[in-house]
Amino acid sequence: MSRNAALKHEPGSDAVLEAAASWLALAQERSLDPREAAELEAWRRHSEAHEKAWQAALELQRAFKELPADISGEVLGRHRRDRRAVLKSLAALAFAAPAGYAALLHAPGWTADYRTATGERQDVTLPDGSRLALNTASVVRLEYSAEERRLVLVEGEILVSTAAGTQPEAREFVIQTRHGTVRALGTRFAVRDLGDGRTAVTVFEHAVAVQPVAGTQAHRVEAGQALAFDAQQVFRFDAGDQGDPPWTRGQLVSSNQRLGDFVAELARYRPGLLRCDPSVAELRLSGVFQLEDTDRVLDLLGETLPVRIERRTPFWVTVAAR
Amino acid sequence: MNTRADSLQDGHAAVERVYIDHHGWLRSWLQSRLGCPEVAADLAQDTFLRIVARREQLRRAPLRKPRAFLRVIAGGLLVDHLRRRDLERAFLAALSNQPAAAAMSAEDREILLETLNRMDMLLDRLSAPVRKVFLMSQLDGLRYACIARQMGVSERTVKRYMQQAYRQCLATLL
């Protein structure tokens, strides 16, 4: 057999795949009539490659039939990250903004890390006297230079109170996240990597200027306002209550909040999996909860709402209907 | 004499040079994406394993832009890692929704997760509507006419999608 002819009959060649797929698609819908069955039979016998492709096809169908439909449907049908979009975002940060986030993370010079574990909080005084509070599961890198005071928020949430020292500080104060920068205009504000491809900013005093990595203009956020942004644009974001965020006092405050949202928020402070059954997610609750003992908070839910706390393991907890 | 061993040596030397010059940078690049130093270290290691496999090409043609090259390979691994992590999360969530899952042994769960992971890789390159149609047919056992109604497309389109999905899966399997 010539090389070309051999290639044509490889199991993975285009023509063989196309034919096998076409037979499968037909056989999946209805039983083949006798004439079709005979045709398929002849196709399979035509070459070893055809038979091999058909066996692989049957294998594939069998594998799917053996899967439990409900669990598999949920897992395989889940919302996916767009592979190309992820790759593109990596490329955009790496190539288009060499002086941005990626470069900063490995820039030589004076850097320092602050890091909190899940459920942990930390207050830090920075070299210039500014104050920094780190919420649960947060990582910050310090990049102070002669020109500016820059903090890189690698992940998590921080509250910043810039120094109002005796001598005026000429250097700019900038927070860098993977989505852009927040420039302080003499101020007190919170920055949070929402973990969904966006950063949220809430301002308590004065104002900040937000600049998405790939955005063309800066957006000013005044005291009492908040917004979220991704690498391209800004979004509306609920400012919530005025005053410092409750987490800085170790509290979680909710006011007529959906239980589903409350549980998602509480999950940030607990290692492991904490989820809320959809059947109770629409219940509402209000209260002030202490974050230092999240198990106690869960018990409280069980006492005050028609819900049951299922603890499969300490790291796998579900809030379910009673 | 001994040219084959020599060229192997040179190949290893080329990989070693790339490793020494860029391993630290690659790790921090990955870590900035993941926030987790352990996983970043693993993925950096995997990236270099891929490069070791290409040492012969590397010896003949040294990399002109080593970091861009490493980023491309590490980027692919990173996307795979994120896919697997999302899959595991969805699996845990699905298990906790299913009362029947409580009766499953740890071993059965592992096997199911691994099977799903393989299926997931097969389905990963399909476009969203094709994947949806395919799952409706394979898992839910719906007929094409029923799928067509639910998706608001013609039966012919459903059949075309099915054929496309089978074709892609088989191409990966064979």
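The numbers attached to residues start from 1 for each chain and follow its sequence in the written order. Just so you know, chain letters begin at A and ligand numbers begin at 1, following the order they were written in. Two thresholds apply to this predicted model, a pLDDT of at least 70 for residue-level local features and 80 or more for giving and counting side-chain atom pairs, whereas whole-chain, interface and lining totals are computed over all residues.

Undergrad: I tried to follow the overall build of chain A on my own but got confused; where do I start?
TA: Under the scheme used here, helices are H or I runs from DSSP no shorter than 4 residues and strands are E runs no shorter than 2 residues, and both carry numbers assigned from the N terminus. If you tally the helices and strands in chain A, you get 9 helices and 19 strands. Using C-beta atoms placed from the backbone, we call a residue buried if 20 or more other C-beta atoms fall within 10 Å of its own, exposed if 12 or fewer do, and partly exposed for counts in between. Counting over 322 residues, chain A shows a buried share of 30%. Of the contacts made within chain A by residues no fewer than 6 positions apart, 46% connect residues no fewer than 24 positions apart. Whether two residues are in contact depends on their C-beta atoms, placed from the backbone: they are in contact if these lie within 7 Å.

Undergrad: What is the right way to read the nonpolar core from this model?
TA: One broad rule of soluble globular proteins: the nonpolar side chains tend to lie buried together. Counting 40 residues, the largest nonpolar core has A:Ala20, A:Ala57, A:Val75, B:Val133, B:Met162, B:Tyr166 and B:Leu170 as the members making the most contacts within it. For this core, the secondary-structure elements that each account for two or more residues are α2 (14–29), α4 (48–65) and α5 (69–76) of chain A together with α4 (66–97), α5 (106–123), α6 (128–138), α7 (144–151) and α8 (155–173) of chain B. Contacts of B:Tyr166, omitting those with residues within four sequence positions, involve A:Ala21, A:Leu24, A:Ala25 and A:Ala57. Of all hydrophobic cores here, the second largest spans 29 residues; its members include A:Val140, A:Leu159, A:Val201 and A:Leu227. What makes a nonpolar core is a set of buried Ala, Val, Leu, Ile, Met, Phe, Trp, Tyr and Cys residues, with links drawn between C-beta atoms within 7 Å.

Undergrad: I would appreciate a short explanation of the sheet that holds strand β19 (residues 316–321) of chain A in the present structure.
TA: Working definition: the strands of a sheet are paired by backbone hydrogen bonds and lie parallel or antiparallel to each other. Residue and element names in this part refer to chain A. A pair of strands is treated as paired once DSSP finds two or more bridges between them. Across the sheet, which stays open at both edges, the 3 strands sit in the order β16-β19-β18 with mixed pairing between neighbours. Of all the strands in the sheet, just β16 (273–276) and β18 (307–313) have a single pairing partner and so form its edges. Ignoring which end each strand starts from, the neighbouring axes of this sheet average 15 degrees apart. When β16 meets β19, the two strands line up parallel, connected through 4 bridges. In the strand pairing of β19, Leu274 is matched with Val317. Packed onto the sheet, helix α8 (residues 259–267) meets β16 and β19 and runs at close to 175 degrees relative to β16. Angular values range over 0 to 180 degrees, each being the angle between N-to-C directions of two axes fitted as lines to C-alpha atoms, with helices fitted over their stretch in contact.

Undergrad: Help me understand α5(A), please; the structure alone is not making it clear to me.
TA: Since there are 3.6 residues in each turn of an α-helix, residues three or four apart along the chain are aligned in direction. Within α5(A) the residues assigned to the buried category are A:Ile71, A:Ser72, A:Val75 and A:Leu76. All buried residues of α5(A) fall inside an arc of 110 degrees around its axis, so they share one side. The arc refers to the directions leading from the helix axis to the C-beta atoms.

Undergrad: Looking at this structure, I do not really get the interface of chain A and chain B. What am I missing?
TA: Interfaces are often described in size by the accessible area the parts lose on coming together. On the chain B side, the residues contacting the 44 residues of chain A number 44 residues. Every element with two or more residues in the side of chain A that touches chain B is listed here: α2, α4, α5, α6 (83–96), α7 (101–105), β5 (148–155), β16 and β19 of chain A. Looking at the side of chain A that touches chain B element by element, the count peaks at 9 residues for α2(A). Residues belonging to the side of chain A that touches chain B are distributed by class as follows: 27 nonpolar, 8 polar and 9 charged. All amino acids are sorted into three groups, where Ala, Val, Leu, Ile, Met, Phe, Trp, Tyr, Cys and Pro are nonpolar, Asp, Glu, Lys and Arg are charged, and the leftover types, Gly among them, are polar.

Undergrad: Can you walk me through the sheet that holds strand β14 (residues 234–236) of chain A in this structure?
TA: All names here are of chain A. As summarised here, the arrangement of the 7 strands in space is β2-β3-β6-β9-β10-β13-β14, forming an open sheet in which the pairing is antiparallel. Two strands lie at the open edges of the sheet, namely β2 (122–125) and β14, each paired on one side alone. Ignoring strand direction, the axes of neighbouring strands in this sheet form an average angle of 20 degrees. Pairing geometry for strand β3 (residues 131–134) and strand β6 (residues 157–161), over 4 bridges, is antiparallel. Paired with Leu134 across the two strands is Ile158, which belongs to β6.

Undergrad: Help me understand the confidence of the model for chain A, please; the structure alone is not making it clear to me.
TA: Do not read the fine detail of predicted coordinates wherever pLDDT is low. All names here are of chain A. By definition, pLDDT measures how confident the predictor is in each residue, and it falls between 0 and 100. Within chain A, residue pLDDT values average 81, and 84% of them lie at 70 or more. Low confidence marks residues 1–8, where pLDDT is under 50. Its contacts with residues over four positions away, or in another chain, come to 4 contacts. Residue range residues 92–111 is modelled with pLDDT below 50. Its contacts to residues more than four positions away, or to other chains, number 32 contacts.

Undergrad: Looking at this structure, I do not really get the environment of A:Asp293. What am I missing?
TA: Its location among the elements puts A:Asp293 in the loop between β17 (284–290) and α9 (294–304). Remark: the alpha-carbon pair of A:Asp293 and A:Tyr269, spanning 24 residues in sequence, is separated by 9.6 Å.

Undergrad: It is not clear to me how unusual backbone geometry should be interpreted in this structure. Could you clarify?
TA: With glycine set apart, most residues show a phi of negative sign, and most peptide bonds adopt trans. Residue and element names in this part refer to chain A. One non-glycine residue, Ala137, adopts positive backbone phi at about 50 degrees. By the secondary structure assignment, Ala137 is in the loop between β3 and β4 (139–144). Positive phi outside glycine occurs at Asn256, with the angle close to 50 degrees. When the 7 C-beta atoms within 10 Å are taken as the criterion, Asn256 is described as exposed.

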